[in-house]
Every structure is written in C-alpha cells, then in structure tokens.
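Spelled out, the chains give:
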Amino acid sequence: LWRNDKLRTGKRYVAFDRSLPARFGILPRHAPGSEIRWFDDDPCYIFHTVNAYEEGNTVVLEACRIEDPMAKLREPPSDTPRLDFMDLTPFLTRWRFNLDTGAVTREKLDDAPTEFPTIDANLRGTRARYSYGPRLARTPTLLFEGLLKYDLERGTSIYAGFGPGQFGSEAHFVPRQGATDEDDGWLVTFGYDGRDDSSSVLVLNARDLSTAARVPLPRRVPIGFHATWVPGELIGKGLV
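Residues numbered from 1 in each chain as written. Predicted model: local features only at pLDDT ≥ 70, side-chain atom pairs only at ≥ 80, totals over all residues. Heavy atoms only, no water.

S.K.: Just checking my understanding: could you explain the overall build of the chain for this structure?
M.R.: Scanning the chain from terminus to terminus reveals 2 helices and 16 strands. The buried share among the 240 residues of the chain stands at 39%. Here the contacts in the chain between residues at least 6 apart in sequence split such that 44% fall between residues at least 24 apart. By element, 52% of the accessible surface of the chain is carried by carbon and sulfur atoms, the whole surface being about 13800 Å². (Helix = DSSP H or I, 4+ residues; strand = E, 2+ residues; numbered from the N terminus. Buried < 20%, exposed > 50% of the residue type's maximum accessible area, 1.4 Å probe, protein only. Contact = heavy atoms within 4.5 Å. Areas by Shrake-Rupley, 256 points an atom, 1.4 Å probe, with all protein chains shown as cover.)

Following this line, the structure appears as structure tokens:
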C-alpha cells in the first residue's frame, strides 16, 4: 500500500498491511466469461512466479515468496539484499488450490533466497520438472552469486557459484536441437566480473550447471535483472 501522506511530500514509501491476507485469483482458461475464484493465504509479497498448472481438481502454483518485504532498520553493513526500499528474502514456495473444497496448502521448498526463476518456456502452463533460479548474494544491494537448479519432482537442488567477485542475472533455458529430456540444453546468462569490471555471456550445461562456454564482451554490461533468449533465425527473419 502506498503511503499517500508521503507521496504528497514527494517521498516514495509503502506500507505492508499484515492484517490483510494474500489473495490469489484463478480464472478458468477454457471457459471464457467465467468468474474469478479467489483463495486467501497468509500475508506475503510475490515478485515472480515459476509456473502454474493443473493436477485434476487442483491448481498448483510455484513462486518466490517474501513473507515481509518492508525494509528493517539495521546497523550497517547489512547482509539482507534490498531493492530500493524493499527487503528481498524470497524463497521458492508451492501452493495448491483445491477447486472443489476451496482449501489452500503452502509448502516452502528451499531455504536459499532465490528470485527471477525460469523453466523451459515450452512447458509454461504445464507441469515442469526443472526450474532454474539465481541465488541472491548476502550483500546490501541486489546481486546474484550463482545459479540453483531445482528438481521440483524430487524436491532436490544443485548449485553452481559464479566465482569470487563475479555475479550473473536471470538465466534462460535453451533446449538442445533434438533433445528428448527436459534438462537437455543450456542456460544462458550475462556474467559480470567485479575484479576487472568486465562482462561476458555465460553458457552452462543445464544438466549439471557446469560451464560450457564463457564469451567475453567488448563492453561492460551493467548488472541487471531480467534477460531473454531469442533464436538467431528469428532475428534474421525480422520477427523480433
């Protein structure tokens, strides 16, 4: 909630009302004109979702949940990442919304802070086994120190750090041509090396997060959040 009294004085300030529940709206995608079904859960804040799909009469949502986004007063230096005026302590979480009973269940899947998750884009809206998310560094500003690969079926994960003084951004999955397994492909992201102020394109093997290639860039790319992957043939055809 924006604080209107602060906005009138030119200040940006938000308040987090813990007396209000988190509300999730589910709209039937195969029934145009249907009303939204609303489900309540404990208060939280969500920046980004992993995926959502149906299991019979249940809708499953996986996302990065922040229990309380309001920045706290701390003695410097703080090891809680912050984006502007918000604390970032997101953890991978799974919700199940039962469309018959209205019941909501929530399960925290990991204790590692992670955001900007991605999956194989071809599986959006259907059940995906693997998710890839940058892990937040314990620094006052928002930096990603490595990548986590989650096996959402087995409830396991593997981690690969970028290295001392190195950081990355959102990683996108690129399937190998002719791939038959969901994780048969590569993860592509920007890398930044604070030791010499240089940037590169990082290509990791999606199976085990080993480094497949590191392509130096002629100019530094500022550390950012989002990224995307576009096949070269689409650019050549003028489709993007």
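S.K.: What should I look at first to understand a nonpolar patch on the surface in this one?
M.R.: Judged by side-chain polarity, L27, I36 and W38 come together as a nonpolar surface patch covering roughly 320 Å² of accessible area. Summarising the element assignment, I36 is placed in the loop between strand 1 (22–26) and strand 2 (37–41). (Patch = residues over 30% accessible without salt bridge, like charges linked within 9 Å, V, L, I, M, F, W, Y side chains within 5 Å. Salt bridge = Lys/Arg side-chain N within 4 Å of Asp/Glu carboxyl O.)

S.K.: Please explain the nonpolar core as it appears in this structure.
M.R.: A general tendency of soluble globular proteins is for nonpolar side chains to be buried together. Counting residues in hydrophobic clusters, the biggest one holds 12 residues: Y130, Y132, L147, A160, F162, A171, F173, L187, L202, L204, A206 and L209. With near-sequence residues (within four places) excluded, A206 lies in contact with Y132, K149, F173, D183, G185, W186 and L187. (Core = buried A, V, L, I, M, F, W, Y, C linked by side-chain atoms within 4.5 Å.)

S.K.: Is there a simple way to explain the packing of aromatic side chains in this structure?
M.R.: The geometry of two aromatic rings is summed up by the distance between their centres and the angle between their planes. Tallied over the full model, the rule gives 6 aromatic pairs. On the basis of an interplanar angle of 55 degrees and a centroid distance of 5.3 Å, the ring pair of F39 and F97 is categorised as tilted. With F39 in strand 2 and F97 in strand 7 (residues 90–98), the pair connects residues that are 58 residues apart, well separated along the chain. Each ring, one from Y132 and one from F173, has its centre 5.9 Å from the other, and the planes form 0 degrees; the classification is stacked. Taken together, the residues span a long stretch of sequence, with Y132 in strand 9 (residues 130–136) and F173 in strand 13 (residues 172–175) at a distance of 41 residues. Of the two residues, Y132 and F173, neither departs from the other in class, the shared state being buried. The structure contains a cluster of three or more aromatic residues connected by ring pairs, namely F24, F39, W95 and F97. A cation sits over an aromatic face here: K108 above F91, 4.2 Å from the ring centre. Over the ring of Y159 we find R135; its NZ or CZ atom is 3.8 Å from the centre of that ring. (Phe/Tyr/Trp six-rings, centres within 6.5 Å; stacked < 30°, edge-to-face > 60°. Lys NZ or Arg CZ within 6 Å of the ring centre and 35° of its normal.)

S.K.: I would appreciate a short explanation of the side chain of H172 in the present structure.
M.R.: For H172, the position within the fold is in strand 13. Side-chain polar atoms of H172 contact the side chain of E170, separated by 3.4 Å. Aside from chain neighbours lying at most four places away, what touches H172 is T118, W186, L187, V188, A227, T228 and W229. (Polar contact = N/O pair within 3.5 Å; in protein donor to acceptor, adjacent residues only side chain to side chain.)

S.K.: Which parts of the structure should I look at to understand the pairing of strand 10 (residues 144–151)?
M.R.: The side chains of a regular strand alternate between the sheet's two faces. By the criterion of burial, strand 10 is predominantly enclosed, with 7 of the 8 residues buried. For strand 10 and strand 11 (residues 156–161), the ladder comprises 6 bridges, and the chain directions are antiparallel. Residue pairing across strands places D151 opposite T156, the latter belonging to strand 11. Hairpin connection, strand 10 to strand 11: the antiparallel pair is bridged by 4 residues, and G155 has positive phi, about 75 degrees. (Pairing = 2+ DSSP bridges.)

S.K.: Honestly, the pattern of salt bridges in this entry has me stumped. Any pointers?
M.R.: Any two side chains of opposite charge can pair, so long as their charged atoms come close to each other. A full pass over the atoms with the stated rule returns 19 salt bridges. Of the charged contacts, one joins D42 and R106 as a salt bridge, the two residues approaching to 3.5 Å between their closest N and O atoms. Taken together, the positions of D42 in the loop between strand 2 and strand 3 (45–55) and R106 in strand 8 (residues 104–108) put the pair 64 residues apart, joining distant regions of the chain. Residue D42 is classed as partly exposed on the basis of its relative accessible area, which comes to 42%. Between E55 and R96 there is a salt bridge; the shortest N-O distance is 2.7 Å. Highlighted residues: E55 in strand 3 and R96 in strand 7, separated in sequence by 41 residues. The exposure class assigned to E55 is partly exposed, which follows from its relative accessible area of 26%. Salt bridges here are not isolated pairs; linked through shared partners, they connect K149, R176, D181, D183, D184 and R207.

Purely spatial values, then, with no claim about function.
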